[in-house]
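Structural overview for review
Chain by chain, the residues:
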8 protein chains.
Amino acid sequence: MHPKLFFCECKTDEQLIKIFKTCIESGQNVLGTRASIMQYQALKVIFKDIQYNETAKILTFLQNDIEQVGEIALCTGGTGDIPVAEEAALTAEFYGSKVKRYYDVGIAGIHRLLDKIDDIKQANVIIAAAGMEGALAGIIAGLVDKPVIALPTSVGYGASFQGLSALLTMLNSCAEGITVVNIDNGYNAGYSAARINAMITSVTANRPRANGCYA
Amino acid sequence: MHPKLFFCECKTDEQLIKIFKTCIESGQNVLGTRASIMQYQALKVIFKDIQYNETAKILTFLQNDIEQVGEIALCTGGTGDIPVAEEAALTAEFYGSKVKRYYDVGIAGIHRLLDKIDDIKQANVIIAAAGMEGALAGIIAGLVDKPVIALPTSVGYGASFQGLSALLTMLNSCAEGITVVNIDNGYNAGYSAARINAMITSVTANRPRANGCYA
Amino acid sequence: MHPKLFFCECKTDEQLIKIFKTCIESGQNVLGTRASIMQYQALKVIFKDIQYNETAKILTFLQNDIEQVGEIALCTGGTGDIPVAEEAALTAEFYGSKVKRYYDVGIAGIHRLLDKIDDIKQANVIIAAAGMEGALAGIIAGLVDKPVIALPTSVGYGASFQGLSALLTMLNSCAEGITVVNIDNGYNAGYSAARINAMITSVTANRPRANGCYA
Amino acid sequence: MHPKLFFCECKTDEQLIKIFKTCIESGQNVLGTRASIMQYQALKVIFKDIQYNETAKILTFLQNDIEQVGEIALCTGGTGDIPVAEEAALTAEFYGSKVKRYYDVGIAGIHRLLDKIDDIKQANVIIAAAGMEGALAGIIAGLVDKPVIALPTSVGYGASFQGLSALLTMLNSCAEGITVVNIDNGYNAGYSAARINAMITSVTANRPRANGCYA
Amino acid sequence: MHPKLFFCECKTDEQLIKIFKTCIESGQNVLGTRASIMQYQALKVIFKDIQYNETAKILTFLQNDIEQVGEIALCTGGTGDIPVAEEAALTAEFYGSKVKRYYDVGIAGIHRLLDKIDDIKQANVIIAAAGMEGALAGIIAGLVDKPVIALPTSVGYGASFQGLSALLTMLNSCAEGITVVNIDNGYNAGYSAARINAMITSVTANRPRANGCYA
Amino acid sequence: MHPKLFFCECKTDEQLIKIFKTCIESGQNVLGTRASIMQYQALKVIFKDIQYNETAKILTFLQNDIEQVGEIALCTGGTGDIPVAEEAALTAEFYGSKVKRYYDVGIAGIHRLLDKIDDIKQANVIIAAAGMEGALAGIIAGLVDKPVIALPTSVGYGASFQGLSALLTMLNSCAEGITVVNIDNGYNAGYSAARINAMITSVTANRPRANGCYA
Amino acid sequence: MHPKLFFCECKTDEQLIKIFKTCIESGQNVLGTRASIMQYQALKVIFKDIQYNETAKILTFLQNDIEQVGEIALCTGGTGDIPVAEEAALTAEFYGSKVKRYYDVGIAGIHRLLDKIDDIKQANVIIAAAGMEGALAGIIAGLVDKPVIALPTSVGYGASFQGLSALLTMLNSCAEGITVVNIDNGYNAGYSAARINAMITSVTANRPRANGCYA
Amino acid sequence: MHPKLFFCECKTDEQLIKIFKTCIESGQNVLGTRASIMQYQALKVIFKDIQYNETAKILTFLQNDIEQVGEIALCTGGTGDIPVAEEAALTAEFYGSKVKRYYDVGIAGIHRLLDKIDDIKQANVIIAAAGMEGALAGIIAGLVDKPVIALPTSVGYGASFQGLSALLTMLNSCAEGITVVNIDNGYNAGYSAARINAMITSVTANRPRANGCYA
């Protein structure tokens, strides 16, 4: 069964229950992003086995085993980037990728990153999440030869303009091999990384396919 | 020999000649992006076998055969996007990827795209280049399950703001699996696509590696 | 009696009651947009027959039958666009147009749209409401030969910049025949569509006329 | 034969000649926008009967009579808006609409506009072109009950930001029934107006249809 | 005694009390802008004769008669602009100017403005407050030959960008004799108008002088 | 005869000649702003007595004496602001105001300004022209009690954003009594200052009146 | 022991407690910025000797004496800038600098600044904090020959755009010797000033060193 | 004699000659920034000993020896940043600082920077010039404990927005001790660094003092 994913933020409890019911009856695994704890509680009443990760704000309901293969390295600049990074991590895991986390390797202390770079290089794909100046992605891309997905976060203040500064930094990186997703879009970073990782490892069972419904 | 790449735009003829000389002596293939025809003519005097593609503004000097493997599908919205697309194409080919071009499949005539979508789906990676509204990348990503690299171009006028509109469209796409590069950055689109393609086809001979010198 | 319309958002209960009283006494139909549920409750005490649509945040008080003629097709990209779309729908209906809703035909799943495009083509005017990347309007305009009114919504996050991304996409569309209204301005989309529809169907009874008071 | 339209700005002489040849052989009327005088001269050598309007920068090659019906009122704020307005006018005429020009009725002298408003009201559709503050569209929309297409121009300096100020003014108008096109996009204003006018007059012979090729 | 004015928004109750005490002891009239109702209540306990205007959010404590001379015409586009306009009005009155209010003469219904323009022309100075498209100031300036102070307000939504659209409209007006103040800065509009009015009427008693303390 | 003013920038020689002819025949004084030297030369052939100021880019043709009364103080921050300032000066003089120039009193050397502030205070109105940081207007307004018209110029580089920085500084000044005109709009600064000065000095002969034609 | 500093804003109580425990056990002085009163209360339960400055939102836990040497002059434009200024002051003091405060010397009353300029000149480094127009830094830099660190604050409204106006003013200052930090970044202003001051006074005991952990 | 500095960009040859003459007669050293080669040639005719650096666009006329003390480390990201960096270098040298250049140590190849970081650490002040993503300043600040002056350049394309991206990166750096100057403002970076360096080395002979004339 192809897994199913949807965006909870603008949906009423009634809409969510209806979607879950349909997916569950068809035997699919289900992932809901940007879910509030209230939405979780409303669904929990009906679907006892639903899981909720509060940091990532992700709901999951699993009916099939997910074999996780390959490897995605997930790096963050600071503590504040973790919620967005976890959204990416859980999404990638849901789509059958192994994820190794390297949190708090931001460039203010470049040696923390350099200490781990040999491990990071082993991954098939790298996600670099950072707010404020957002320079992490460029540094990593200058050190590895794997695809780097840059994930700007809205962490920061003043002239960070809610992630715009990090986004621009990442788009303008002079290091090669970086591609960028929307500010705070952990979901798409995880999804895109999982798709590439699945192709490299030639595993197609859970490979992310177009849902045509993420809205 | 690992191939060598550099950015010509801000360099003097003297700087270019020196870089070429070093690369050629070391037996590398060389690629120069954003080269003017005047720069080409200055280099031609010294390096007889240098090639120049005027549309893509790319210089090449090849000393080793490049085996092109796998497949990248390169789609553009309109005629005006071709120069940036060709920069991507030649870069990817330089790094050992086969490139299939699908030009002028923009969304104003969606059936031109739909007619070719089954071919496009065969590629390992897709590059979608578009200016103006930039919606092409999202449409394609909704139809395929391969990595899509969105390449916004500065084609347009008025509120296109030199590619900003296309960039925002691509970043905000609700279709999944899209990642984005800088406006008019054909080079990075081609490089990133080639890196992913090389990993999927498990060919490492020309796989793009960090040069640490693209500036 | 020419119908009457006003904007509730910045008005006190006292101001609203006074306006309603004047309109009702003169025998007009009345439409109030952007009304809060609290404003509705305050008015309900005095005007028993007042109606409130909570999704669209629209108040109506009808004293004359509204014959609905012609046809407006109202399309949305996703679930989140429905409140703005309903504001457009109720406004157009208030001004004597039939409205057919095509919700959730966004471009991430282009086939949902293509399945319905023959129906959509039957309308005199089309409203295309979308947030995030906002590409829906351009796709539709490439497929039909009727006037398309593009209605950007503030649905999205990160670089959607509260609807700016969708607005720019729509303004820059290379498909022809699109005109655009302000972000989240469902009212004006509905009003403008109704005016065109009324002229095409040559029905003038409820044709939107300048009120000179929408502020 | 359905008429054919294309955008000349990014095209080489070779590309233009090829497009013209195809259209002419198929017996179509052809309209080319944003054509330079050099492009005209290159085409003139081959296609003797080609016409060029230097103000509007429009090329036409007519093989079929165009019957012009209905009426579009085309208003401009100042002298500087005329080139964009003429692009709109010629496009609308090409698609079978009568166009009545009201130039230089900008709001700095409101009485010039008020003197002509009764004439303007007779049209089926109104195009209001203005740069700088761009208030003309809102004033007109407050005085008539026909569809108003607002066409912002890049005329102005300083904080006009190349038409952005006029664009925002038009999007934010509190007068009803205004829809907006891109800055300096005379072509789309003319095309959209002609489409509405054709529907109202029920003439379909030259009614603008989707070309799927304006790029 | 020269009157005293200050900005309450960032001040603690303790700071306000101290400032009031100093002013009152020196026999001055005092005006406080942007005061919350809570600040008023805290001051009321100590200064019994303090006055508060809730719409304008202005505190006044008068110890000297204010003779109001000359005339300022204060026009607004809509109901939502009234709070900012009242801030201007009370400030100008505090500085010895007569103020005549013309509320709700926005351009959506130009005749409401034209009906009153002969009265407005009698004033020495005109303040035109408007949000959304902000075209009111330009229209008035095209009809009168007195100084026009344009006061953009943050009323609006979507692409009004919290008053930016109105501000740009006013700065770009092609009508002559308009000068502009900051968004929602009713205080400075009133102050500047009062200064000009005082000079014209040659009354210097309450003429606004630099306080050097409005921060 | 009321004087006549127009904007030359977008006008053809033919249009200019026609306008001049009409004005001259009616006996008016004429002022043309933003005129190129080529436009001057074309007009000079026909109108021998036309004058041209190359710094201010202003054309004048005087048929009536202009009595200059009152006083406007015109201050600039630096040398680069002089062309815009001269546009203001010549406009104000054309409309019957005396202008005293205080050039190069920018805030980098505050004492140059303080040395002259007593003279500046004697004027009826002050124009403060500055680019880059644009702080001059605020400093002056903190030192005088006359109306201050702030004139931002596009002088600067980098983050001056063509005058945007100076414009924002002036709009946000915490000194009172400042109103602002568009970037580089020397004409409107001069016109507005002349209007206020004329009212204060009660001279109406050349008082700027609405032309309704500055476009 | 080198002192330790961290940013509290995105951290949970658990994370803060853990960081404090580690620092305290290693005998370091600790500074936490952007701490809420709730965070303080949670930490107070465990670490009795923790101090909290509510204005600056700074936590300190001192285990070693801090000798304060040299001198930093800290100037603010208005009352609203004090919280950001205090963040700078406490940071600089924590790193061993003497700080002299000159609050409320904004440019609306330039003489308050001039009265104190001779004192300000005695400092080794000057911090100039200002919101709204932000001109203070430029004025001071024109009067002294010491390094000036400009600290824009988000105080203001309308077109101050949350500190953007002040930031641009400071970046564009034509006075020399100014460098700028992020909007509201009192911490970095204090830290940078302390580093320069420490080098000038040749005291290295508490000289700010890279922590590599401020995120 | 205190040295003299001025900005050549907006000045006529006559103005430049006059300024030079005055300075030379008073025995000062003179530095002119942003001078074109044409300006140099015009001055050369009169002042034979004038020097011109074409890369930095700097004119110098030295009449007194300049002793260069202390040390400033000047780092750039790429080749394109060199002109702006040289403006900084020559300015700092003119004001009596030794400058050590570290060109092309951008972060795409972090090891080139790490190889030299021990040398860089020896300087009293560091200038980090970079365009595109601008991450260099933050990396350096995370590795050294000296004042870092970040100098954003306009090198780049697309979403670099003429240096805005680099500027934002630098302002938002989470590394401590960075302060920022305007885009491409090499002069102010060099001046500010020289001022700090002079204070640290306690040499006052050429210490940069306020000129009050850089406009």
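Residues numbered from 1 in each chain as written. Chains lettered and ligands numbered in written order. Predicted model: local features only at pLDDT ≥ 70, side-chain atom pairs only at ≥ 80, totals over all residues. Heavy atoms only, no water.

Here's the deal with the relation of the copies chain B and chain A
Of the two same-sequence chains, chain B is brought onto chain A (RMSD 0.0 Å, axial shift 0.0 Å) by a rotation of 180 degrees. Read as a symmetry element, the transformation amounts to a two-fold axis. Here 100% of the interface residues in chain B have copies in chain A that are interface residues too; the copies meet face to matching face. (Least-squares fit on C-alpha atoms with pLDDT ≥ 70 in both. Contact = heavy atoms within 4.5 Å.)

Here we look at the interface of chain H and chain G
In this assembly, 34 residues from chain H lie in contact with 34 residues from chain G. Interface area, chain H with chain G, both sides summed: about 3,000 Å², of which 55% is carbon and sulfur. On inspection of chain H and its partner chain G, the count reaches 15 residue pairs in polar contact (both at pLDDT 80 or more). Secondary structure elements with two or more residues in the side of chain H that touches chain G: helix H6 (164–171), strand E9 (178–180) and helix H7 (186–200) of chain H. Ranked by residues supplied to the side of chain H that touches chain G, first place goes to H7 of chain H with 8 residues. Grouping the constituent residues of the side of chain H that touches chain G by class yields 19 nonpolar, 9 polar and 6 charged. (Buried area = accessible area lost by both parts, 1.4 Å probe. Polar contact = N/O pair within 3.5 Å; in protein donor to acceptor, adjacent residues only side chain to side chain. Helix = DSSP H or I, 4+ residues; strand = E, 2+ residues; numbered from the N terminus. Nonpolar A, V, L, I, M, F, W, Y, C, P; charged D, E, K, R; others polar.)

Focus on the packing of aromatic side chains
All names here are of chain A. Overall, the coordinates contain 64 aromatic pairs over all chains when judged by the stated rule. Note on Tyr95 and Tyr191: the rings are 5.1 Å apart at their centroids and 80 degrees apart in plane angle, and the pair reads as edge-to-face. Separated by 96 residues along the polypeptide, Tyr95 in the loop between helix H3 (82–94) and strand E6 (97–102) and Tyr191 in helix H7 (residues 186–201) bring together distant segments of the chain. Summarising the burial analysis for this pair, Tyr95 and Tyr191 share the class buried. (Phe/Tyr/Trp six-rings, centres within 6.5 Å; stacked < 30°, edge-to-face > 60°. Buried < 20%, exposed > 50% of the residue type's maximum accessible area, 1.4 Å probe, protein only.)

Notes on the packing of helix H1 (residues 13–25) of chain F against helix H2 (residues 37–46) of chain F
Residues and elements named next belong to chain F. Put simply, H1 and H2 touch, their axes get as near as 10 Å, and they point 45 degrees apart. It follows that H1 is oblique to H2 by the angle criterion. When the axes of H1 and H2 are compared, the crossing they make is right-handed. From H1, Asp13, Leu16, Ile17 and Phe20 reach across to H2, where they touch Gln39, Ala42, Leu43 and Ile46. Each residue belonging to the contact of H1 with H2 can be placed in one class, and the counts come to 6 nonpolar, 1 polar and 1 charged. (Axes fitted to C-alpha atoms, helices over the stretch in contact; angles between N-to-C directions. Parallel < 35°, antiparallel > 145°, perpendicular 65-115°, else oblique. Left-handed = near helix turned anticlockwise from the far one by under 90°.)

Overview of the sheet that holds strand E2 (residues 30–33) of chain G
Pairing between the strands of a sheet comes from backbone hydrogen bonds, and it takes one of two forms, parallel or antiparallel. Residue and element names in this part refer to chain G. The strand order across the open sheet formed by 4 strands is E1-E2-E4-E3, and the pairing between neighbours is mixed. The open sheet has two free edges, formed respectively by strand E1 (4–7) and strand E3 (51–53), since each of these has just one partner strand. Strand-to-strand twist of the sheet, defined as the mean angle between neighbouring strand axes without regard to direction, takes the value 15 degrees. As judged from the 3 bridges shared by E3 and strand E4 (residues 58–61), these two strands associate in the antiparallel manner. By the bridge assignment for E4, Tyr52 is matched with Leu59. Against the sheet, helix H1 (residues 13–25) touches E1, E2 and E4, its axis set at about 175 degrees to E1. (Pairing = 2+ DSSP bridges.)

Some details on the interface of chain B and chain A
Listed per partner, the contact involves 34 residues of chain B and 35 residues of chain A. Note on chain B versus chain A: buried area summed over both sides is about 3,000 Å², and carbon and sulfur give 55% of it. Secondary structure elements with two or more residues in the side of chain B that touches chain A: helix H6 (164–171), strand E9 (178–180) and helix H7 (186–200) of chain B. Here the side of chain B that touches chain A takes 8 residues from H7 of chain B, the largest share from any one element. The class makeup of the residues in the side of chain B that touches chain A is 19 nonpolar, 9 polar and 6 charged.

Details of the domain arrangement of chain A
Residues and elements named next belong to chain A. Its domain assignment divides chain A into domain 1 (4–61) and domain 2 (69–202). Taking the mean C-alpha position of each, domain 1 and domain 2 sit 26 Å from one another. Counting residues at the interface gives 12 residues for domain 1 and 11 residues for domain 2. Summed over both sides, the interface between domain 1 and domain 2 buries roughly 890 Å², with carbon and sulfur atoms accounting for 69% of that surface. When the buried area of domain 1 at its contact with domain 2 is split by residue, Leu31, Arg34 and Thr55 rank highest and sum to 40% of it. A salt bridge links Arg34 to Glu87; the shortest N-O distance between them is 3.2 Å. Inspection of the domain 1/domain 2 interface yields 2 residue pairs in polar contact (both at pLDDT 80 or more). (Domains from an automatic or database assignment. Salt bridge = Lys/Arg side-chain N within 4 Å of Asp/Glu carboxyl O.)

Some remarks on the confidence of the model for chain A
Residues and elements named next belong to chain A. Taken residue by residue, chain A gives an average pLDDT of 90. The fraction at 70 or more is 93%. For chain A, per-element mean pLDDT is lowest for strand E1 (residues 4–7), which scores 82, and highest for strand E8 (residues 148–152), which scores 98. With pLDDT under 50 throughout, residues 210–215 is counted as low confidence; its partners more than four residues away or in other chains account for 32 contacts. (pLDDT = per-residue confidence, 0-100.)

What about the arrangement of the chains?
Note that chain B does not reach chain F: the shortest distance linking a C-alpha of one to a C-alpha of the other is 15 Å. Left apart from each other, chain D and chain G have a closest C-alpha approach of 13 Å.

Description of the environment of Thr12 of chain F
Residue and element names in this part refer to chain F. You can see Thr12 is positioned in the loop between strand E1 (4–7) and H1. Exposure remark for Thr12: the relative accessible area of 38% places this residue in the partly exposed category. Through-space distance from the C-alpha of Thr12 to that of Gln39 is 8.3 Å; in sequence the pair is 27 residues apart.

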